[in-house]
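A look at the structure
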Amino acid sequence: MDVIATVRAKLDEAASVYKIQPKKTRPLTQTIHKKVADAARALADYLKIKYGKLAPGQPGDRTLVVYCTGAVVKPGGAEFLFDHCWLTQYDNKKKTNGYLIKCNLAMEIEKNRDFQKVHDDFQKLIIAKADVKVMVCEAANCANAEKLIYELNRQIELADASAKASYLLSCYCRHDKAFHHDPPQ
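Calculation rules
Residues numbered from 1 in each chain as written. Predicted model: local features only at pLDDT ≥ 70, side-chain atom pairs only at ≥ 80, totals over all residues. Heavy atoms only, no water. Helix = DSSP H or I, 4+ residues; strand = E, 2+ residues; numbered from the N terminus. Buried < 20%, exposed > 50% of the residue type's maximum accessible area, 1.4 Å probe, protein only. Core = buried A, V, L, I, M, F, W, Y, C linked by side-chain atoms within 4.5 Å. Contact = heavy atoms within 4.5 Å. Axes fitted to C-alpha atoms, helices over the stretch in contact; angles between N-to-C directions. Left-handed = near helix turned anticlockwise from the far one by under 90°. Nonpolar A, V, L, I, M, F, W, Y, C, P; charged D, E, K, R; others polar. Pairing = 2+ DSSP bridges.

The next subject is unusual backbone geometry. Here the amide bond leading from Asp-182 into Pro-183 is cis, since omega sits at 5 degrees, within 30 degrees of zero. By the element assignment, Pro-183 lies in the segment after strand E8 (178–182). At Lys-48, a position not held by glycine, the phi torsion is positive, near 60 degrees. Of note, Lys-48 is situated in the loop between helix H3 (25–47) and strand E1 (50–51). You can call Lys-48 exposed: its relative accessible area is 75%. The backbone of Lys-177 shows a phi angle near 55 degrees, a positive value even though the residue is not glycine.

If you look at the biggest cluster of nonpolar residues, it comprises 29 residues, and the most contacted ones within it are Val-7, Leu-11, Ile-32, Trp-86 and Val-134. Residue assignment for this core shows that the elements contributing at least two residues are helix H1 (3–14), H3, strand E2 (62–68), strand E5 (99–110), strand E6 (132–139) and strand E7 (167–173). Among the elements that line this core, the one with the most residues is H3, at eight residues. Look past the residues within four positions of Val-7 in its chain and what remains in contact with it is Val-36, Ala-39, Trp-86, Leu-105, Val-134 and Leu-168. Core analysis: the second largest hydrophobic core is formed by 25 residues, Tyr-67, Val-118, Leu-125 and Leu-169 among them.

At a minimum axis distance of 11 Å, the contact between helix H4 (residues 115–127) and helix H5 (residues 142–160) shows a crossing angle of 35 degrees. Like other packed secondary-structure pairs, H4 and H5 cross with a definite hand, here right-handed. Counted together, Phe-115, Val-118, His-119, Phe-122, Gln-123 and Ile-126 of H4 and Leu-148, Glu-151, Leu-152, Gln-155, Ile-156 and Ala-159 of H5 form the full contact between these two elements. Among the residues making up the contact of H4 with H5, the classes are represented as eight nonpolar, three polar and one charged.

As a further point, take the pairing of E8. The side chains of a regular strand alternate, residue by residue, between the two faces of the sheet. For E8, the buried fraction is high: four of the five residues fall into the buried class. The sheet contact formed by E7 and E8 spans five bridges and is antiparallel. Bridging from a neighbouring strand, Ser-170 pairs with His-181 of E8. Linkage of E7 to E8, two consecutive antiparallel strands, is achieved through a turn of four residues, within which Lys-177 is found at a positive phi near 55 degrees.

Keep in mind these values describe shape, not function.
As structure tokens, then:
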């Protein structure tokens, strides 16, 4: 399963919220969380593992759990390290919630158009150990969206250029009412 392509498509679906409610941040952010969580369910099916909360099962069962800001995705959990992440948990049959064994996706969403705020959130992704890293941000116009994506790519190159394939950079352009993505479709 191409997780980056699937998440990119889910973000494009979420962009339709801006067309209906361009000044309301909360509904868009919630929609992004819900749409991207749909992609997590598809990945769990693809991997043939459980999806949802860690529940009693057989020792060795794996469950893909979505954690996000505001816990808007059910079942799932509240924010854990990132604004949105998919974690694979291993059922150890103890009184704990199991072991976290993998971060399948880490996503940061920064609606503030101040580059420093975007940069601050993006640094979490630079050091994250995740299969896929997604940065969602916003710009007033297309030129600013492309500039933000360029600057984020510079950080990736300086940190570890070989990791470029694991990133999706998505900047919503208010002028176009659409996301600019890197990599593009």
